[in-house]
Amino acid sequence: MKKILIVLLVMITSLVYSNNLNKYESKRVFDKTMDAIFNNNFEKYKDDPEMTRALMTSKESLEDENWDTYLQWFKENKYEVLEVKEGKNKSTLTVKATFNSFADIPNDDVMGIIFTEVYKASKNKIKSLDEEDDIFDEEFMINVTNKLMDKSKKETKEIKVYMDKVNGKWDLIEDEDNDDDIVNMELISTMTPLLEKFLEIT
């Protein structure tokens, strides 16, 4: 009975603390941005005054012709804001990120999956007798991604997310003036572990 009460107390405390964090606009914008990207919920926030700037930059990503392929890499990611340090025009969020890691997949296994899919795609293209067909099309990339996703492992780590307010609107910081460093590299790295794995074997 005592253990049950302790668990309930922890759950209630966590819920109250989480609700307290919602008083920060930057935190709310971050949560909505992740929802819009991962669940294609842009329509849900089109009339949300807090999302005017963030929605615009997020939609620009969708204009990439390879977006559907990229989304497969991180559509299962989860982000929970643990702490917010919000100033007048800058905000730093401590976020618990849960994502798929491919680090433990042997490179030989990755190459084996790629070669198998190349062989399958080649056979299909030969049957079509269309010399202009591209083997490495979206279907090929999604097939490779799905095979590797099956072998991936869930990883959780705390990251820092940096946001700024411009003209009264919050959004993720894309870069700093006169600075070649990518500010939100920790966040980006949780979305691109598969790309990093591909780069590792090339």
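You'll find the structure just up there.
Everything numeric here is computed off the predicted structure, so don't read it as measured data.

Chemist: I tried to follow the nonpolar core on my own but got confused; where do I start?
Modeler: Soluble globular proteins tend to pack their nonpolar side chains together in the buried interior. If you look at the biggest cluster of nonpolar residues, it comprises 42 residues, and the most contacted ones within it are Phe 30, Tyr 79, Leu 148 and Val 161. Here the element with the most residues in this core is helix H2 (residues 25-39); it accounts for six residues. Excluding residues that lie within four positions of it along the chain, Tyr 79 makes contacts with Phe 30, Met 34, Phe 38, Val 95, Lys 96, Ala 97, Ile 159, Leu 187, Thr 190 and Met 191.

Chemist: Sorry if this is basic, but what is going on with the sheet that holds strand S1 (residues 78-86) here?
Modeler: Pairing between the strands of a sheet is mediated by backbone hydrogen bonds and can be parallel or antiparallel. Spatially, S1-S2-S3-S4 is the arrangement adopted by the four strands of the open sheet, whose pairing is antiparallel. Because the sheet does not close on itself, it has two edges, and the strands there are S1 and strand S4 (169-172). Ignoring which end each strand starts from, the neighbouring axes of this sheet average 25° apart. Of the strand pairs in this sheet, S1 and strand S2 (residues 90-101) are connected by eight bridges, and their pairing is antiparallel. Paired with Val 84 across the strands is Leu 93, a residue of S2. The strands touched by H2 are S1, S2, strand S3 (153-166) and S4; relative to S1, the strand with the most contacts, the crossing angle is about 160°.

Chemist: What is the right way to look at the pairing of S3 in this model?
Modeler: Sheet faces and side chains relate simply in a regular strand, where the side chains alternate between the two faces. In terms of strand pairing, S2 meets S3 through 12 bridges, oriented antiparallel. Bridging across to S3, Thr 94 finds its partner in Lys 160. When S3 meets S4, the two strands line up antiparallel, connected through four bridges. Note that in S4 the partner of Asp 164 across the bridge is Asp 171. Between S3 and S4, which pair antiparallel one after the other, the connecting turn spans two residues, and Asn 167 there sits at a positive phi close to 55°.

Chemist: Help me understand the pattern of salt bridges, please; the structure alone is not making it clear to me.
Modeler: In a structure, side chains of opposite charge can pair up when their charged atoms sit close to one another. Counting across every chain of the model gives 13 salt bridges. Ionic pairing is found between Lys 27 and Asp 31, a salt bridge with its closest N-O pair at 2.6 Å. Taken together, the residues Lys 27 and Asp 31, both in helix H2 and four residues apart, mark about one turn of the helix.

Chemist: Mind showing me how you'd approach the environment of Asp 35 here?
Modeler: Counting through the fold element by element, Asp 35 comes out in helix H2. The exposure class of Asp 35 is buried, given its relative accessible area of 16%. Residues Asp 35 and Lys 78, 43 residues apart in the sequence, show an inter-C-alpha distance of 9.7 Å. If sequence neighbours within four positions are ignored, Asp 35 has contacts with Asn 40, Asn 41, Lys 44 and Tyr 45. Separated by 2.7 Å, the side chains of Asp 35 and Asn 39 make a polar contact.

Chemist: Whenever I open this one, the environment of Ser 58 confuses me. Can you help?
Modeler: Among the secondary structure elements, Ser 58 is positioned in helix H3 (residues 52-62). Classification of Ser 58 by relative accessible area gives buried; the value is 9%. Spatially, the C-alpha atoms of Ser 58 and Asp 171 are 9.5 Å apart, while their sequence positions differ by 113 residues. Discounting chain neighbours no more than four positions away, the residues touching Ser 58 are Thr 33, Ile 37 and Phe 42.

Reading the values: rules and limits
Residues numbered from 1 in each chain as written. Predicted model: local features only at pLDDT ≥ 70, side-chain atom pairs only at ≥ 80, totals over all residues. Heavy atoms only, no water. Core = buried A, V, L, I, M, F, W, Y, C linked by side-chain atoms within 4.5 Å. Buried < 20%, exposed > 50% of the residue type's maximum accessible area, 1.4 Å probe, protein only. Helix = DSSP H or I, 4+ residues; strand = E, 2+ residues; numbered from the N terminus. Contact = heavy atoms within 4.5 Å. Pairing = 2+ DSSP bridges. Axes fitted to C-alpha atoms, helices over the stretch in contact; angles between N-to-C directions. Salt bridge = Lys/Arg side-chain N within 4 Å of Asp/Glu carboxyl O. Polar contact = N/O pair within 3.5 Å; in protein donor to acceptor, adjacent residues only side chain to side chain.

The analysis is restricted to geometry; functional conclusions fall outside its scope.
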